[in-house]
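Spelled out from the first residue to the last, the chains are:
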Amino acid sequence: VITDDYREVPGPRPEEPRPFEPTMHNLEYFDAGDGLGDDWQYGLDLFYGNPKPHVLPTYITAWPQELALQEADGGKGRVTGFPAVVGPLENKAQEVHIARPPAHVLRSVLELVMSRKAYERIIRPYFADEFHEYCEALRAGDRRRALVIAVRMRVIIWYNVVAAVVASVVRPIKELIR
Amino acid sequence: MECRLPSSKELLVLRLLRDHAVSPMYGLELVKASDGGLGRASIYVVLARMEEKGYLKSSTPKGDSEHPGLPRPRYRITALGERALKGAEAAAAAMGGVTALEPA
């Protein structure tokens, strides 16, 4: 480029062709707006680990996308093998087999230590209820909640054990004082 | 014979069981239905004491395929429990709207 004072300065470089990026935008196949709706909801489900996604993925499943990629690439063959054909993603809710229920050692020890009546009326029903909640949380794929239940179970049992021991010590003393 | 009125927690349990008389309730169901009136830590102590007094009757169904593992006992109010609740409510009304009665 020749300027007014006859200096030659480099002009703008000709725009180099950018390498093809097989993004959804470049493909003009799905833009951000297209993702809203069921597909968007599915993404949210995956992100939050929802065990029962609202819909199965429909956008990376089969040949139409490969065809769109080939067309966008101008038939140069740079997108061979892309995308990997992905079927419906696996449901995250896994079948969980519980080999040992939480706090099973504590329960066994209490069964040995406590009177049968107290164990049958207080400890076992409590374990049963919490264990049901624990199983429900695992079934829903909510491992964090299951962990909270397992910890809470131990805390409450120990609280009751300590309270029972203290009461058994305090009661005779109170009767003596009377 | 010593006669004691049900405690406030016992009354709450009796009321909940009377209101859900159609189906017996689990311990944690009672905790949830009480809306903070009953705690997880103490519910089974209260229920055991009430069963001993004859206010409740528990039944333990066998585990089903959906809920294997330890069976959960269900609690149902007895006739004695209903009488105790009515008596406590009548006493509370006679005392002028006292809702919570503490044992003597």
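Below or above, wherever it landed, is the structure these notes cover. The written sequence of each chain sets the order in which its residues are numbered from 1. Chain letters and ligand numbers both follow the written order, the letters beginning at A and the numbers at 1. In keeping with the model being predicted, local features are shown solely for residues with a pLDDT of at least 70 and side-chain atom pairs are shown and tallied solely at 80 or more, while totals for entire chains, interfaces and linings include all residues. Excluded from the side-chain calculation are hydrogens and water; included are all heavy atoms of the structure.

**Let's talk about the packing of helix 6 (residues 116-139) of chain A against helix 2 (residues 27-34) of chain B**
Part 1 of the argument: Helix axes use the C-alpha atoms of the stretch in contact, all axes being lines fitted to C-alpha atoms, and the angles between their N-to-C directions lie in the range 0 to 180 degrees. Secondary structure is summarised from DSSP: a helix means a run of H or I of at least four residues, a strand means a run of E of at least two, and numbering begins at the N terminus for each. One way to put it is that helix 6 of chain A packs onto helix 2 of chain B with a least axis distance of 8 Å and a crossing angle of 80 degrees. When the axis of helix 6 of chain A is compared with that of helix 2 of chain B, the two are roughly perpendicular. Where helix 6 of chain A approaches helix 2 of chain B, its residues D129(A), E130(A) and E133(A) are matched on the opposing element by G27(B), L28(B) and K32(B). Angle categories: roughly parallel below 35 degrees, roughly antiparallel above 145, roughly perpendicular from 65 to 115, and oblique for all the rest. We call two residues in contact whenever any of their non-hydrogen atoms come within 4.5 Å of each other.

**Overview of the nonpolar core**
Part 1 of the argument: For our purposes a nonpolar core is just a set of buried Ala, Val, Leu, Ile, Met, Phe, Trp, Tyr and Cys residues, chained together by side-chain atoms within 4.5 Å. Using a 1.4 Å probe on the protein chains alone, a residue whose accessible area is under 20% of its type maximum counts as buried, one over 50% counts as exposed, and one in between counts as partly exposed. Counting residues in hydrophobic clusters, the biggest one holds 42 residues, and the most contacted among them are F127(A), V13(B), L17(B), L30(B), I43(B), L47(B) and L56(B).
Part 2 of the argument: Of all the elements in the fold, those that place two or more residues in this core are helix 5 (104-113), helix 6 and helix 7 (143-177) of chain A together with helix 1 (8-19), helix 2, helix 3 (43-53), strand 2 (74-77) and helix 4 (79-94) of chain B.
Part 3 of the argument: Of the residues forming this core, the biggest block, nine residues, is contributed by helix 6 of chain A.

**Section: the pattern of salt bridges**
Part 1 of the argument: Only one rule defines a salt bridge in this text: a Lys or Arg side-chain nitrogen within 4 Å of an Asp or Glu carboxyl oxygen. Counting across every chain of the model gives 17 salt bridges over all chains.
Part 2 of the argument: We note a salt bridge from R116(A) to E120(A), for which the minimum N-O separation is 3.5 Å. Within this pair, R116(A) and its partner E120(A) are both found in helix 6, separated by four residues, close to a single helical turn.
Part 3 of the argument: Here the salt bridges share partners, and the residues they tie into one network are E130(A), E133(A), R145(A), R152(A), K32(B) and R40(B).

**Some remarks on unusual backbone geometry**
Glycine aside, a negative phi is what most residues show, and trans is what most peptide bonds show.
Part 1 of the argument: In this model, D35(B) sits at a positive phi of 60 degrees, which is unusual for a non-glycine residue.
Part 2 of the argument: With respect to the helices, strands and loops of the structure, D35(B) is situated in the loop between helix 2 and helix 3.

**Some words on a nonpolar patch on the surface**
Part 1 of the argument: Together, W158(A), V162(A), V165(A), V166(A), V169(A), V170(A), I173(A) and I177(A) make up an exposed nonpolar region whose accessible area comes to about 760 Å².
Part 2 of the argument: Within the fold, V166(A) resides in helix 7. Put simply, a patch holds well-exposed residues, over 30% relative accessible area, that have no salt bridge, with like charges counted together within 9 Å and Val, Leu, Ile, Met, Phe, Trp or Tyr side chains within 5 Å. What sets the accessible areas is the Shrake-Rupley method with a 1.4 Å probe; for residues, cover comes only from the shown protein chains.

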